[in-house]
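Understanding the architecture of this molecule
Next come the chains, spelled out residue by residue.
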Amino acid sequence: DTGVSQDPRHKITKRGQNVTFRCDPISEHNRLYWYRQTLGQGPEFLTYFQNEAQLEKSRLLSDRFSAERPKGSFSTLEIQRTEQGDSAMYLCASSFGLHGGATGTQYFGPGTRLTVL
Amino acid sequence: KNEVEQSPQNLTAQEGEFITINCSYSVGISALHWLQQHPGGGIVSLFMLSSGKKKHGRLIATINIQEKHSSLHITASHPRDSAVYICATAYNTDKLIFGTGTRLQVFP
């Protein structure tokens, strides 16, 4: 297993365009997380899934953001009508956790760097 | 709301020095994570702890639950330790609340 992968690694788009990012977690991990990191700051939680269920969503996630994990494996994060303030590194992480239990170590992907012009 | 604060924000050291990075948080947690981030973005989990102390190679992490404080120590620091070190907390749910990180530079 090669760890958590994300695609694309870099995305440059014009304001108003839609973008979609993909995350492939470690195969036996049932939990998947999306975080956003702006320059000089620590990451901020966006949302997380246990299998295909989206269990929590941050207030940072406006209506323009949507995330899915349709088969409990890979996940996509879509941003509609991008704004310059969406420019950031979008990080995906995965872990294994028992139902109702605390998470174990989270393994991070390399991130997708989004630049909105 | 849980706030996670780290100190110092920036740290420079000479190779071989003992380094300490501190993390304080404001509410009770289920676990605290220490992570390392190299230039380019890759984040690696170093430790997850809920009590006591853990050691891995030259890295030591401690946590004091009563004082809501954790420290990360690096013994015999090396230039390859240069990175951003991030403290993050988890409280009941799985989401991590991150500090802003400590940028460490170790010079030969």
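Residues numbered from 1 in each chain as written. Chains lettered and ligands numbered in written order. Predicted model: local features only at pLDDT ≥ 70, side-chain atom pairs only at ≥ 80, totals over all residues. Heavy atoms only, no water.

**Quick look at the nonpolar core**
Defined as follows: As used in this record, nonpolar core signifies buried Ala, Val, Leu, Ile, Met, Phe, Trp, Tyr and Cys residues forming a set joined through side-chain atoms within 4.5 Å. The buried label goes to any residue with under 20% of its type's maximum accessible area, the exposed label to any with over 50%, and the partly exposed label to all in between, with areas taken from a 1.4 Å probe on protein chains only. Runs of H or I in DSSP of at least four residues are treated as helices and runs of E of at least two as strands, each being numbered from the N terminus.
The biggest cluster of nonpolar side chains holds 22 residues, and the ones touching the most others in it are I19, L32 and W34 of chain B. Contributing elements (two or more residues each) for this core: β2 (10–14), β3 (19–25), β4 (31–37), β5 (43–49), β7 (59–64), β8 (69–74), β9 (83–90) and β11 (102–107) of chain B. When residues of this core are assigned to their parent elements, the largest contribution, four residues, is made by β3 of chain B. In this structure, V19, I26, L61 and F65 of chain A belong to the second largest nonpolar core, which totals 19 residues.

**A look at the pattern of salt bridges**
Between side chains of opposite charge, a pair can form as their charged atoms come close. To keep things clear, this is the line we draw: Take a side-chain nitrogen of Lys or Arg and a carboxyl oxygen of Asp or Glu: if they are within 4 Å of each other, that pair is a salt bridge.
Under the criterion given, the structure shown has five salt bridges over all chains. The shortest N-O distance in the salt bridge between E83 of chain A and R64 of chain A comes to 3.4 Å. Separated by 19 residues along the polypeptide, E83 of chain A in the loop between β8 (75–79) and β9 (88–95) and R64 of chain A in the loop between β6 (53–57) and β7 (65–68) bring together distant segments of the chain. Look at E83 of chain A and you get partly exposed, because its relative accessible area is 39%. Residue R58 of chain B pairs with D81 of chain B through a salt bridge whose shortest N-O separation is 2.8 Å. Of this pair, R58 of chain B sits in the loop between β6 (52–56) and β7 while D81 of chain B sits in the loop between β8 and β9, placing them 23 residues apart in sequence. The partly exposed category is assigned to R58 of chain B, whose relative accessible area is 26%. Residues joined in a network through salt bridges with shared partners are R64, E83 and D86 of chain A.

**Section: the pairing of β7 of chain B**
Residues and elements named next belong to chain B. Spelled out, the test is: A pair of strands is treated as paired once DSSP finds two or more bridges between them.
Pairing between β6 and β7: five bridges, direction antiparallel. Looking at β7, one finds that H56 is bridged to L59. The hairpin turn running from β6 into β7, its antiparallel successor, is two residues long, and G57 in that turn takes a positive phi close to 65 degrees. Relative to β8, β7 is paired through six bridges, and the arrangement is antiparallel. Following the sheet pairing, T62 is matched in β8 by S71. Counting the residues between successive antiparallel strands, the hairpin from β7 to β8 contains four residues, one of them, K68, with a positive phi of roughly 55 degrees.

**A few points about the packing of aromatic side chains**
In this description, a pair of aromatic rings is defined by centroid distance and the angle of the planes. All names here are of chain A. This is how the line gets drawn: Only centres within 6.5 Å qualify two rings of Phe, Tyr or Trp (six-membered ring in Trp) as a pair; their planes then separate them into stacked at under 30 degrees, edge-to-face at over 60, and tilted for everything else. Note on geometry: a ring has a charge over it if NZ (lysine) or CZ (arginine) is within 6 Å of the ring centre and within 35 degrees of the ring normal.
Counted by the stated rule, this structure contains eight aromatic pairs over all chains. A centroid spacing of 5.4 Å and a plane angle of 45 degrees characterise the contact between F21 and Y90, whose relative ring orientation is tilted. Taken together, the positions of F21 in strand β3 (residues 19–24) and Y90 in strand β9 put the pair 69 residues apart, joining distant regions of the chain. Each member of the pair F21 and Y90 is classed as buried. One Lys or Arg, R22, reaches over the ring of F74 and ends 3.9 Å from the middle of that ring.

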